Amino acid sequence: MDRTGAGTGAGTGAGTGAGAAAAAGATPGTASIFPKGPSFTFDDFSSKDFIVRDFIDTLTETAIPASRRSGQSQPAFDPKPLIRTFENALAQLATLSEELQEKESELLSNVRRAEIQHDQTLETLGHKLDQSMQSFEALDLSLNNPGDNADRIGGHNGTGGANVAVQIGEMLEELDKKRRRAQDASFLIQCWTEVSETGRLTSLEEIQRQGGAENKVRCAVISRQLMRISQRLDTPSWAETKTARANGLSNGSTETNHRTHHNTREVIEKFSEGLEQELLQQFNNSYRRQNLDDMRECAKVLQDFNGGASVIAIFVNQHQFFIDRDQLIHDEVTTDNEVWEQLADPDSDPPGVEPSLQSLVDEVKIVMQEESFIIKRAFPYYETVLIKFIQRVFQQSIQQRLELVLEKANTVSSLAFLRSLHSSRAYISALVEDLKSHGLTEYPEPASSQISQTLDQQMEELFVPYLVGNSYIDREKKSLEEMYNSLLFKFTAYHAKRKKAPTGFMASLAQQSTQLLSSAKDAYLERLNSSELTPTQKAMMLRVAGLQDNRDNKHDVEVTEEDGQLSVQNAKRMMKWLAESVRRTLELGSPVETPKDVNVLLHLLLATMDQVYIETGLDAVLDQSTSLEHSKTEPDLSFLPSVRSAVTIAAIMERFITTVLIKLAEPNTTVRRSMSAKTQTAMDDIERKINGVMKSAADVLTNWVARCLASHQKKLDFRPRDAELDTLQTATCLQVSTFLARASHLVAQVLDGPNLEVFASELALAVLLLLFEHFKKFQVNATGGLMVTQDISKYVASLKDFGPLTREVETSVELLTEVGSLFIVGPEALREKARTLPAAAPSASAGLGRKLTKADFRAFVQRRDDASSPGIQGVLAAL
């Protein structure tokens, strides 16, 4: 009961109580002193929203007069109205509870009576079921064992009999089969008599005219049986020549000619052909009306003639897809020229499959899915039909269009052909996988193994002509060679001009390098002038090479020094082209041949990027460095950053080889080992050439420092007069320090880490030896000693700033500061220094650097102007 209902009930009860009080003698318009409590029914408690608390609150509110609730003064609480209200409510609840109990007892009684009646009904039905089962068992026993029943009835024993009903059914079925065979044999004899005597098949034609699938099947079976009878009984009809057949003659015996008046073979064949044509026409009409049941009946009958070959042929050949496509299949490939140029451009991404081929493949996918639904319902041997349909689609439509696309691509460029071949195969392969997953006749299940095998076989046969043997990898190699030779043409042309007749023991190696450059240049020019080269491919090669189409200037191309420099950007382009080629090789080539294919690509990469590009660039740098070793002017070390380009390109090449090419060759251990060996040899050659360049660069630096010290340092630089002294540092020191700082900046662009440390340490040792000998040559006065100290301090700072030094070399460099102090300290300090000096320095091969010995100490101290003083002489005498 909701709260609204409770309030209404309470208010109604209150009103009723007031009316009763008025009827009992109260004056009109006055309220009764004892109001009557509310009244309730079952409906008040049957609501789903009934809440006991709300019900109690309603009773309490209706029992408190409004005047007492709203007055300003609150008199003492009077519980009597509440007590009367609750007493009244309890009395009504008790009455309602009694009524509810009576109804519940009545319902329980009705339920018990219904249960008793139900149990009685079940018991009666159970007895009837038992009686029916006993009657059935008795009947079954009487049917299955009639002998036993008769024996029991006759009062003697007997053997058990078989199931009479089953035996009778089997006998009747056997008799029916014999009857039908007899009728068929009789009809067959009748037909043979007709055809052999009258040359007609009237009875069989009558059955044919009746129509119906069963009659047509019967006609097909009988005509086939008649053909076999004719083969045995009418041999002249099968043995006569074409000329005899045309004249209606026979070559059989006289007796046979008397018995056979007509050529039964021709009559039966003519009837069979007519029946077959009629069925084919009916099948064709049913196909147009999409009457799948009738198509299936015709296909089933035609299967008896030739295994269904004729109906399959008419279904496939007259399919609207092939009729429409036959008109379009030989249309010229008319793709936009911009797309073909993009295909031929090695720096642009492939645009994808050719649009007309894509349209055809998309249509094939839809047609195959739709027709497989019809094939499964129109043919009892649907898998055979679907296989023929698939073969026709691939061998006629897709193959012819694919050939047109690839022929067009081949007339554009070799790269366009390879890209078109790859994109076409990928798109057709996706079609095959979609058809397999769709299932076709097995939809929604995947395609059967036979259908999947057919699709894979057709897919393979499409691309066999382009992938057989080494034809594909040869195309890839040729395409890459064209692009590489084009890109490196100016580079090879520059260095071919730079190369001169080699001399010395390295002559043979230099000659080999010159031959590689010449062959690369000649290969490019020969290909460029080839008649086989298409205009698009020629334009691409010229663009990559950075040339203009000027035929009169092919053999004398103007090149700059920049063309002869190694370019990391060009190397990245070459690696990008190679990566695209490797991807195509993986997707188009056979997994078994992949190791051999990547080995071919590796050989091309090493021959081009390593020998023609990196090593040639390093040879040029080495030649330039060697030419500066005895330079009379300050050497230009701008060639050093080229070494960094060579290092970067070699690292890119090695990483690609090890992470891609060699990984792909892992299935073939022999090929993988060969590739690893060739790569290691190439990297060793590059490293050896880089080491040669850096050794030559160190010689250039050392020789120039030695030249500066020997030629620019004046004899009186360290014996200045005080009036002539402008600075405590000589010009030679400033010149050498500035030169080493510039060289340090360039070397840091080439080397880093341990390599830079080794180079800086070797250079520091070489310069250190020069300085040791240098300061033994000059006479030094007191002021000059300060200049020597300042020069040595500057030299030490320059050597340390050149690069990180090993601990031993850094200790040796610090020794120079000790040398400077020998020119400024007094005799007592010199005597202290002399006590710790070794007799001789360790060998330089020990890697410990230069050490100050007693001989060095004597040589430096003797260059002092005060060396003849008694104090200095005493120190020298003590050595």
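About the criteria used
- Residues numbered from 1 in each chain as written.
- Predicted model: local features only at pLDDT ≥ 70, side-chain atom pairs only at ≥ 80, totals over all residues.
- Heavy atoms only, no water.
- Helix = DSSP H or I, 4+ residues; strand = E, 2+ residues; numbered from the N terminus.
- Buried < 20%, exposed > 50% of the residue type's maximum accessible area, 1.4 Å probe, protein only.
- Areas by Shrake-Rupley, 256 points an atom, 1.4 Å probe, with all protein chains shown as cover.
- UniProt positions renumbered as here; feature names shortened; annotations may be inferred.
- Phe/Tyr/Trp six-rings, centres within 6.5 Å; stacked < 30°, edge-to-face > 60°.
- Salt bridge = Lys/Arg side-chain N within 4 Å of Asp/Glu carboxyl O.
- Axes fitted to C-alpha atoms, helices over the stretch in contact; angles between N-to-C directions.
- Parallel < 35°, antiparallel > 145°, perpendicular 65-115°, else oblique.
- Contact = heavy atoms within 4.5 Å.
- Nonpolar A, V, L, I, M, F, W, Y, C, P; charged D, E, K, R; others polar.

Describing the overall build of the chain
Move 1: Secondary structure assignment for the chain yields 36 helices and zero strands.
Move 2: Taken across its 879 residues, the chain has 40% of its residues classed as buried.
Move 3: A total accessible area of about 48,200 Å² is found for the chain, and carbon and sulfur atoms account for 52% of it.

Observations concerning the UniProt feature "coiled-coil region" (unreviewed entry) in the chain
Move 1: The sites that carry the UniProt feature "coiled-coil region" (unreviewed entry) are, in the present numbering, residues 83–117.
Move 2: Its end C-alpha atoms 51 Å apart, residues 83–117 is made of 100% helix and 0% strand.

So, the packing of aromatic side chains
Pairs of aromatic rings are described using the distance from one ring centre to the other and the angle between the two planes.
Move 1: Under the defined criterion, the tally for this structure stands at 15 aromatic pairs.
Move 2: An angle of 70 degrees between the planes, with centres 5.4 Å apart, marks the rings of Y287 and F315 as edge-to-face. With Y287 in helix α13 (residues 264–289) and F315 in helix α15 (residues 309–317), this pair connects stretches of sequence that are 28 residues apart.
Move 3: An angle of 55 degrees between the planes, with centres 5.9 Å apart, marks the rings of F718 and F775 as tilted. One end of the pair, F718, is in the loop between α29 (669–712) and α30 (731–748); the other, F775, is in the loop between α31 (753–774) and α32 (782–802), and 57 residues separate them in sequence.

Structural notes on the pattern of salt bridges
Move 1: Following the criterion strictly, the structure yields 25 salt bridges and no others.
Move 2: Put simply, R543 and D345 hold a salt bridge, and the shortest N to O gap is 2.4 Å. With R543 in helix α25 (residues 535–545) and D345 in the loop between α17 (337–344) and α18 (355–378), this pair connects stretches of sequence that are 198 residues apart.
Move 3: Accessibility expressed as a relative area gives 43% for R543, which makes it partly exposed.
Move 4: Of the charged contacts in the structure, one is a salt bridge between D347 and R543, with a shortest N-O distance of 3.7 Å. Taken together, the positions of D347 in the loop between α17 and α18 and R543 in helix α25 put the pair 196 residues apart, joining distant regions of the chain.
Move 5: Salt bridges sharing common partners tie together D345, D347, R543 and R573.

Remarks on the packing of helix α27 (residues 594–627) against helix α28 (residues 640–664)
For any two helices packed against each other, the geometry is given by the interaxial angle and the distance between the axes.
Move 1: With their axes 11 Å apart at the nearest point, α27 and α28 run at an angle of 170 degrees to one another. Here α27 is positioned roughly antiparallel relative to α28, judged by the angle of their axes. The residues of α28 that touch α27, namely those facing T594, P595, V598, L602, L605, L606, M609, D610, Y613, I614, L618 and V621, are S642, V643, A646, I649, A650, M653, I657, L661 and L664.
Move 2: Tallied by class, residues from the contact of α27 with α28 come to 18 nonpolar, two polar and one charged.

Description of unusual backbone geometry
Move 1: The amide bond that connects Y443 to the next residue, P444, takes the cis arrangement and shows omega of 5 degrees.
Move 2: Positive phi values are uncommon outside glycine, yet Q290 reaches one of about 55 degrees.
Move 3: Counting through the fold element by element, Q290 comes out in the loop between α13 and α14 (292–306).
Move 4: For L440, which is not glycine, the phi dihedral falls at a positive 55 degrees.

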